[in-house]
Structures are given as structure tokens and as C-alpha cells.
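Residues per chain, in single letters:
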Amino acid sequence: MNIGLFFGSFNPIHTGHLIIANHILNSNKVDKIWFVVSPQNPFKGVNELLDAESRLELARRATLKDGRIKVSKIELKLPRPSFTINTLSHLAQKNSEHEFSIIMGSDAYNRISEWKNSEEITKQYKILVYGRPNFSIENIMNKKTEILDAPLLDISSTEIRKLIKANQSIRYLVPEAVRKLIEKNHFYKK
């Protein structure tokens, strides 16, 4: 089975993530998608990062009724910070029956050369790249990279957190179950 790995802090997960996942699944690029919740991205600070277990629960609630999507907490069990190559190696070793592809936005793809063991990643794994506003794709690394004709969505977790802090509505930006859990627990208010 071809599994698309959608890595991210998902701080919080939002409808943009879900629309991209649905688009990729509908285009038959992968059979299933695993949202891999990262406890700590090496390129991001932890100041506004909700604890990993809460972000996992938000992602689970967002995808609960979609059997094509699984939420993975594998990176919570691995050393930190989370390096994609370590996660890929671990997943390949434990799940040899699957083939893995990586899903990422054009913003992340443009920085892939800065990743640990980036050459190994781009040689061994298919990379599915979706466009992000204001981030054109600068350099296609190899034949295993596929640029998707996916919807261009200007929704970001950063903007959602700003709205929450400003006591403004995030309705329709996140699934309703996610919105309710954020409000119930006062996530992102500090």
C-alpha cells in the first residue's frame, strides 16, 4: 500500500490540511494518508506550540470519520528534535509492506536542502508538493518529485492562533469538533 506521510506540527490542524489530503486521496496519488504529528520541528520555536498530545487529539477529531486518514504519533516516540529521515527510516523498518511518499507544501519543499540527509530523502522517496500562497517552487530536485495541481489555500495555523488570541471566530477554518475542543480547553489563549 502506498502511504502518503503528511508531516507537521498541526498547531492546530485546519481545513486546509484536510482539503489537501482529500485532494491527494481523490487523485489516487496514495492509498492512505498518515498525518504525522511532530512534537518539535527543528526549524520552528516551541513558544506557541501546544503540547503534542493535545495536537494529536485535535488531529484525531478532525479525521475521525475518514477511514482513509490515520493520525500517527510515531514522532513522539523518537528522539527530538524530529528529523524526517529518522522517522522515515523507522517507518520503513517497521512497515516494510508499505511504500511511503512524503506530502509537503511548496514552502517546506523550498527548504528541503536544509533538512538532515535531504539528498537521501529526495533520492529514496516520492515527494508530492502542493502549492502554498507566495511560495513558488524554486527547484525540482529529481524525477521522484511531483508538483500537484491542488487547490491554493491561504489558511494557516499561525493566523488561526492569532484569531483565537483576539477572541475572534475560527468557525469554518477548522473542523467543528476541533473548534469545540479548542474552545472547551482554552487552547492558544495564552
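The sections below set out a description of the structure shown in this document. (Residues numbered from 1 in each chain as written. Predicted model: local features only at pLDDT ≥ 70, side-chain atom pairs only at ≥ 80, totals over all residues. Heavy atoms only, no water.)

Describing the overall build of the protein
Point 1. Counting its secondary structure elements, the protein contains seven helices and six strands.
Point 2. When the helices and strands of the protein are placed in sequence order, the string is β-α-β-α-β-α-β-α-α-β-β-α-α.
Point 3. Taking the principal axes of its C-alpha atoms as reference, the protein extends roughly 45 × 35 × 30 Å.
Point 4. Looking at the protein residue by residue over its 190 residues, the buried ones come to 47%.
Point 5. Contacts spanning at least 24 positions in sequence make up 67% of the contacts within the protein whose residues lie at least 6 apart.
Point 6. Taking the average place of the 29 positive charges on the side chains of the protein and the average place of its 20 negative ones, the gap between the two points comes to 5 Å. (Helix = DSSP H or I, 4+ residues; strand = E, 2+ residues; numbered from the N terminus. Buried < 20%, exposed > 50% of the residue type's maximum accessible area, 1.4 Å probe, protein only. Contact = heavy atoms within 4.5 Å. Lys, Arg positive; Asp, Glu negative; His and termini not counted. Charge placed at Lys NZ, Arg CZ, Asp CG, Glu CD.)

Thoughts on the layout of surface pockets
Point 1. By volume, the second largest pocket amounts to about 150 Å³.
Point 2. For the second largest pocket, the lining is made up of eleven residues, of which Glu48, Leu50, Tyr188, Lys189 and Lys190 are closest to its centre.
Point 3. In terms of residue class, the lining of the second largest pocket is made up of four nonpolar, two polar and five charged. (1 Å grid on protein atoms, 1.4 Å probe; cavity = no way out; pocket = protein on both sides within 12 Å on 5 of 7 lines; lining within 4 Å. Points joined across faces, edges and corners; volume = space filled by probe spheres on them. Nonpolar A, V, L, I, M, F, W, Y, C, P; charged D, E, K, R; others polar.)

Some thoughts on empty space enclosed by the protein
Point 1. Per the stated rule, a full pass over the model turns up one cavity of 30 Å³ or more.
Point 2. Within this model, the largest cavity holds a volume of roughly 100 Å³.
Point 3. Phe6, His14, Gly16, His17, Ile20, Tyr130, Gly131, Arg132, Pro151, Leu153 and Ile155 together form the lining of the largest cavity.
Point 4. Among the elements that take part in the lining of the largest cavity, helix 1 (residues 15-26) stands out by supplying three residues, more than any other.

A word on unusual backbone geometry
Point 1. The omega torsion of the bond from Asn11 to Pro12 falls at 5 degrees, within 30 degrees of zero and hence cis.
Point 2. Note the cis peptide between Arg80 and Pro81, where omega equals 0 degrees.
Point 3. A positive phi angle, close to 75 degrees, is found at Tyr172, a residue other than glycine.
Point 4. Here Tyr172 is to be found in the loop between helix 6 (157-165) and helix 7 (176-185).

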